[in-house]
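The residues making up each chain are set out below.
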Amino acid sequence: MRSNLPRLLTAILLLSLLTGCWDRRELNDRLFELASGVDRLEDGKLLLIGQFMVPSTSEEGGGAKKPYLIETGVGKMVSECLLDMQLKLSRRITRGHRNNIYFGEDMAKAGIADLMDSVTRDPDSRLKSDIWVVKGGTALEFMQLSYPLESIPAIGLSKIRHIIGKTTGNSLLEILVEENVEGSGPTLPAVEILYDTKLRKKTLQVYGRAIFNRDQQLAGYLNRMESVYRLWITGETDRIPITADLPNGRGSFNTEVTLLHAKTRTAVNAGRVAIDVYLTGSGVILESQPAIDLRKPDHLREFEDIMNRRIEKDQTEVIRKVQRQFKVDVFHFGKALDRQHPQDWARLKAHWEQSFSDAEVTVHSRVKIKRIGLQGPPPNKP
Amino acid sequence: MKLTNYQLFWLLFSMEAGMTIMLTLGPTFQAARQGAPLAMLLAGAVSLLATYIAAKLSLLYPEDTFVEYVPKIIGQWLGKTLVFVYLLLWIAVGGIVLREYADFVHMALFDKTPLWAIILFMLIVILYAVHGGIHIVARCSEIIGPIVVFNIILFRIFSLKDLHLDRLLPLLPSDGWMPVLSGSAPAASYMSESVMIVMLIAFIGNKKKTLSSGLWGVGFAAIVLLNVIIDTMMMLGSTVPAMLQYPVYSISQYISVMEFVQNLDIFLVVGMSFTVFVKIGLYLFMTSYGTAQLFGIRNWRRVLWAVSMLVLAVALFPRNADETQVVFPLFWKNIVFPIFLFAVPFLLWMIGSARKRMKRPVRPHA
């Protein structure tokens, strides 16, 4: 009997542990942040916008209530904004499921360097986030936009990007990696708010890529074709549509190129960097206006040739635009040089921005057209 | 209390893998940058060497523990003092590992729970196992080890699509071999904790394959570490992980497969808790059993309580995460690693085998 007493006491003590601990986290006390946005106010303060999932209204509420909620917070630092926002919310902000962050254009111009720390230091916030720049607008404006296809607007953008061929949405990690490569320009995807005058509604559209300078301030944008050409070189997209014109106004044709691959060869001749970019892929004709029978190998070869010259010209223009306007290496050429000529890189990396801008870049495109679709010539053009 | 060679393998693997994966990747990247995989390879080789020396030393006196044979090699007073220093070191590292673990769990899961509660409850669980004897911890490790391996394979598969092969090159940084050498030290100093087998070999039943299963345990842990560091580098590059507190934890949060296999960090926390259980279990057993032998106390389980209190005190002592994760590892790397994990066992081995050799020709005459 006596020996059972300590055991009984232990059992009772252990029971008290079952009630849970200090970190009791009820689902009912949490508010899941799905996206956040940052804008710069006129007085230099930050405006943090959070898009939250409103719990358990989606089906039962009769569809009248929005399934999400937007709240704002103001402060000098992100954590101050968060506190400001929390004071308006009855549930604890939980950032573990946030996948999208939007920066307003003014914020991006002023520099995003100081914003990143709060994103990566908080154990609750994930490295797997996608950061976007709202071109010509504010994050607030963008996040208020309702998007009919998805119950949560933030998901819409990620899905669009997936469909157009960008492989993974990880621009947060990309920007962290790029900032640590000398002379390399960090980039972020850009989205714009479009007012459609014909349909009289506002909607969102993926614009392209925002380019940042070495001080992490917005330097400019690449539009959709320019950014997809860039992604071809960096190996982050899996398809690109190419429109090319036949000479003498005979019409245009469009090819979708998939299985994209790019190789960068670097060389340093007398201090000047020469870069050769080799592009390969396989194309499918999506549309062809001229009355030309593509079932004839000669014609197909001509098309292939025209398309390849077109790719070379466009790609060269994109690279030249970046060299002249932004002067930062967004094509990972520096890393290629580091791998291929480490000694030269050690010498050049300190002023790589200049060397990159002066580099002579040649593009070689060797895309093959593999299929022509269901018909040789357009059947209505005899 | 008997151990099998198979148990020794899993014991060494589980105690090596957990904390090392968590805490040494950052410092390795900091020093070696692009050469981090090479540094890790080197660290693996160094720790294998340390294990080899320690195992050879113990096999000179296969039935004795470290506490018993060191006085036989270098004499009573010197030997006992040396053993005492080792016991103190093991208590210190046990406490610090417990604290490092608690800091991590505190950050990842229980940020409102007081630190002492995490430390105390973990310690009670470990104490419960160790109280039964070292073979209980060993049996646990037979289950824990494979679970850890399973977790690592899971991460390997889920992270495949996020790997950038080009981030791996160049393998050797442009500044040469020096950064690689200094980068290998943090991981090597952690992995060389396998020197603790000097206390374990005495309990192993069949000592024929002990050396090879000990080396395999450490070697397997080294392979896993190499895999993890290559993974990290292909995902995050070589500069970002140098700035992160727990690079692997960040990766586990980053992995996302088809939008629904996400937030795998919990696997990591569970794996961590398991390996820390084995590691601290080993240290608690070694120190209390060793102390009992050193002072001639018959019941080592009585000593266990005192040692646990000491470990608890050590775990509660550091003021902040820097002291446990930067200052102590630095002390371990610069002082304990070269002297107590390498030089001393090596000298003991040399002296011990010289003594044995000198004795042998004497025997036939006598």
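Residues numbered from 1 in each chain as written. Chains lettered and ligands numbered in written order. Predicted model: local features only at pLDDT ≥ 70, side-chain atom pairs only at ≥ 80, totals over all residues. Heavy atoms only, no water.

- Under an unreviewed UniProt entry, the name given to chain B is GerAB/ArcD/ProY family transporter, and the source organism is Paenibacillus sacheonensis.
- According to the UniProt record, the Sequence similarities (unreviewed entry) comment for chain B reads "Belongs to the amino acid-polyamine-organocation (APC) superfamily. Spore germination protein (SGP) (TC 2.A.3.9) family."
- UniProt, in the comment section headed Subcellular location (unreviewed entry), describes chain B in these words: "Membrane". (UniProt positions renumbered as here; feature names shortened; annotations may be inferred.)

- Per an unreviewed UniProt entry, chain A is named Ger(X)C family spore germination protein, and its organism is Paenibacillus sacheonensis.
- What the UniProt record of chain A gives under Subcellular location (unreviewed entry) is the line "Membrane".
- For chain A, the Sequence similarities (unreviewed entry) comment in UniProt is given as "Belongs to the GerABKC lipoprotein family."

### Some remarks on the interface of chain B and chain A
Turning to step 1, where the next piece is worked out: On the side of chain A, 22 residues touch chain B, which itself brings 29 residues to the contact.
Turning to step 2, where the next piece is worked out: Here chain B meets chain A over a buried area of about 2,500 Å², counting both sides, of which 56% is carbon and sulfur.
Turning to step 3, where the next piece is worked out: For chain B, the biggest contributors to the area lost against chain A are B:K112, B:Q253 and B:Y254; these three give 23% of the whole.
Turning to step 4, where the next piece is worked out: At the surface where chain B touches chain A, the tally comes to 0 residue pairs in polar contact (both at pLDDT 80 or more).
Turning to step 5, where the next piece is worked out: Counting residues per element, the ones that place at least two in the side of chain B that touches chain A are α6 (115-132), α10 (210-236), α11 (240-243) and α12 (247-254) of chain B. (Contact = heavy atoms within 4.5 Å. Buried area = accessible area lost by both parts, 1.4 Å probe. Polar contact = N/O pair within 3.5 Å; in protein donor to acceptor, adjacent residues only side chain to side chain. Helix = DSSP H or I, 4+ residues; strand = E, 2+ residues; numbered from the N terminus.)

### Considerations on the domain arrangement of chain A
Residue and element names in this part refer to chain A.
Turning to step 1, where the next piece is worked out: Taken domain by domain, chain A consists of domain 1 (27-224) and domain 2 (238-382).
Turning to step 2, where the next piece is worked out: For the domain 1 and domain 2 pair, buried surface summed over both sides reaches about 1,300 Å², with 62% attributable to carbon and sulfur atoms.
Turning to step 3, where the next piece is worked out: Counting every contact that joins domain 1 to domain 2 gives 1 salt bridge.
Turning to step 4, where the next piece is worked out: One salt bridge connects E178 with K335, and the closest N-O pair in it is separated by 3.7 Å.
Turning to step 5, where the next piece is worked out: Here domain 1 and domain 2 share 4 residue pairs in polar contact (both at pLDDT 80 or more) between them.
Turning to step 6, where the next piece is worked out: For the side of domain 1 that touches domain 2, the element with the highest residue contribution is strand β9 (residues 218-222), accounting for 4 residues.
Turning to step 7, where the next piece is worked out: In terms of residue class, the side of domain 1 that touches domain 2 is built from 9 nonpolar, 8 polar and 3 charged. (Domains from an automatic or database assignment. Salt bridge = Lys/Arg side-chain N within 4 Å of Asp/Glu carboxyl O. Nonpolar A, V, L, I, M, F, W, Y, C, P; charged D, E, K, R; others polar.)

### Quick notes on the environment of B:L88
Turning to step 1, where the next piece is worked out: Tracing the backbone through its elements, the reader meets B:L88 in helix α5 (residues 76-108).
Turning to step 2, where the next piece is worked out: On a C-alpha basis, the gap between B:L88 and B:V307 in space is 10.0 Å, while along the polypeptide they are 219 residues apart.

### Considering the pattern of salt bridges
Residue and element names in this part refer to chain A.
Turning to step 1, where the next piece is worked out: In this structure the tally under the stated criterion is 22 salt bridges over all chains.
Turning to step 2, where the next piece is worked out: Among the ionic pairs, E105 bridges to K109, the shortest N-O distance being 3.7 Å. Highlighted residues: E105 and K109, both in helix α3 (residues 105-110), separated by 4 residues, approximately one helical turn.
Turning to step 3, where the next piece is worked out: Overall, E105 belongs to the buried group, its relative accessible area being 15%.
Turning to step 4, where the next piece is worked out: Classification of K109 by relative accessible area gives partly exposed; the value is 48%.
Turning to step 5, where the next piece is worked out: For the salt bridge of D305 with R309, the shortest nitrogen-to-oxygen distance reads 3.0 Å. Of this pair, D305 and R309 both sit in helix α9 (residues 297-326), 4 residues apart, which is roughly one turn of the helix.
Turning to step 6, where the next piece is worked out: Residue D305 is classed as partly exposed on the basis of its relative accessible area of 42%.
Turning to step 7, where the next piece is worked out: What you see here is one network of salt bridges that share partners, running through D305, R309 and E312. (Buried < 20%, exposed > 50% of the residue type's maximum accessible area, 1.4 Å probe, protein only.)

### Remarks on the nonpolar core
Burial of nonpolar side chains together is a common tendency in soluble globular proteins.
Turning to step 1, where the next piece is worked out: Core analysis: the largest hydrophobic core is formed by 166 residues, its most contacted members being B:L57, B:F66, B:W90, B:F104 and B:L284.
Turning to step 2, where the next piece is worked out: The leading source of residues in this core is α5(B), at 16 residues.
Turning to step 3, where the next piece is worked out: Sequence-distant contacts of B:F66, defined by excluding residues within four places in its chain, comprise B:L57, B:P71, B:V83, B:Y86, B:W90, B:V198, B:M199 and B:L348.
Turning to step 4, where the next piece is worked out: Grouped together as the second largest cluster of nonpolar side chains are 45 residues, A:V257, A:V268, A:I275 and A:F356 included. (Core = buried A, V, L, I, M, F, W, Y, C linked by side-chain atoms within 4.5 Å.)

### Some remarks on helix α10 (residues 333-340) of chain A
Turning to step 1, where the next piece is worked out: Most of α10(A) is tucked away, with 6 of its 8 residues classed as buried.
Turning to step 2, where the next piece is worked out: Taken together, the buried positions of α10(A) are occupied by A:F333, A:G334, A:K335, A:A336, A:L337 and A:D338.

### Considerations on helix α2 (residues 25-32) of chain B
Residue and element names in this part refer to chain B.
Turning to step 1, where the next piece is worked out: Every buried residue of α2 is listed here: L25, G26, T28, F29 and A32. With its buried residues spanning 165° around the axis, α2 presents them on a single face.
Turning to step 2, where the next piece is worked out: Close packing links the buried residues of α2 with α1 (5-23), α3 (36-60), α8 (177-191), α10, α11 and α12.
Turning to step 3, where the next piece is worked out: Following α2 by one or two positions, R33 has its phi on the positive side, about 50°. (Arc of directions from axis to C-beta.)

### Notes on a nonpolar patch on the surface
Turning to step 1, where the next piece is worked out: Judged by side-chain polarity, A:L5, A:L8, A:L9 and A:I12 come together as a nonpolar surface patch covering roughly 410 Å² of accessible area.
Turning to step 2, where the next piece is worked out: Relative to the helices and strands, A:L8 is located in helix α1 (residues 4-18). (Patch = residues over 30% accessible without salt bridge, like charges linked within 9 Å, V, L, I, M, F, W, Y side chains within 5 Å. Areas by Shrake-Rupley, 256 points an atom, 1.4 Å probe, with all protein chains shown as cover.)

### Section: the pairing of strand β12 (residues 272-288) of chain A
Residues and elements named next belong to chain A.
Turning to step 1, where the next piece is worked out: Across 15 bridges, the pairing between strand β11 (residues 252-269) and β12 is antiparallel. Bridged to V268 within β12 is V273.
Turning to step 2, where the next piece is worked out: Taken together, β11 and the strand that follows it, β12, pair antiparallel across an intervening segment of 2 residues, in which A270 is found at a positive phi of about 50°.
Turning to step 3, where the next piece is worked out: Where β12 lies against strand β13 (residues 360-371), 11 bridges are found, and the strand directions are parallel. Residue pairing for β13: Y278 is matched across the bridge by H364. (Pairing = 2+ DSSP bridges.)

### Some remarks on the side chain of B:Q7
Residues and elements named next belong to chain B.
Turning to step 1, where the next piece is worked out: With respect to the element layout, Q7 can be found in helix α1.
Turning to step 2, where the next piece is worked out: With a relative accessible area of 6%, Q7 lands in the buried category.
Turning to step 3, where the next piece is worked out: Aside from chain neighbours lying at most four places away, what touches Q7 is K2, H135, A138, R139, S141 and E142.

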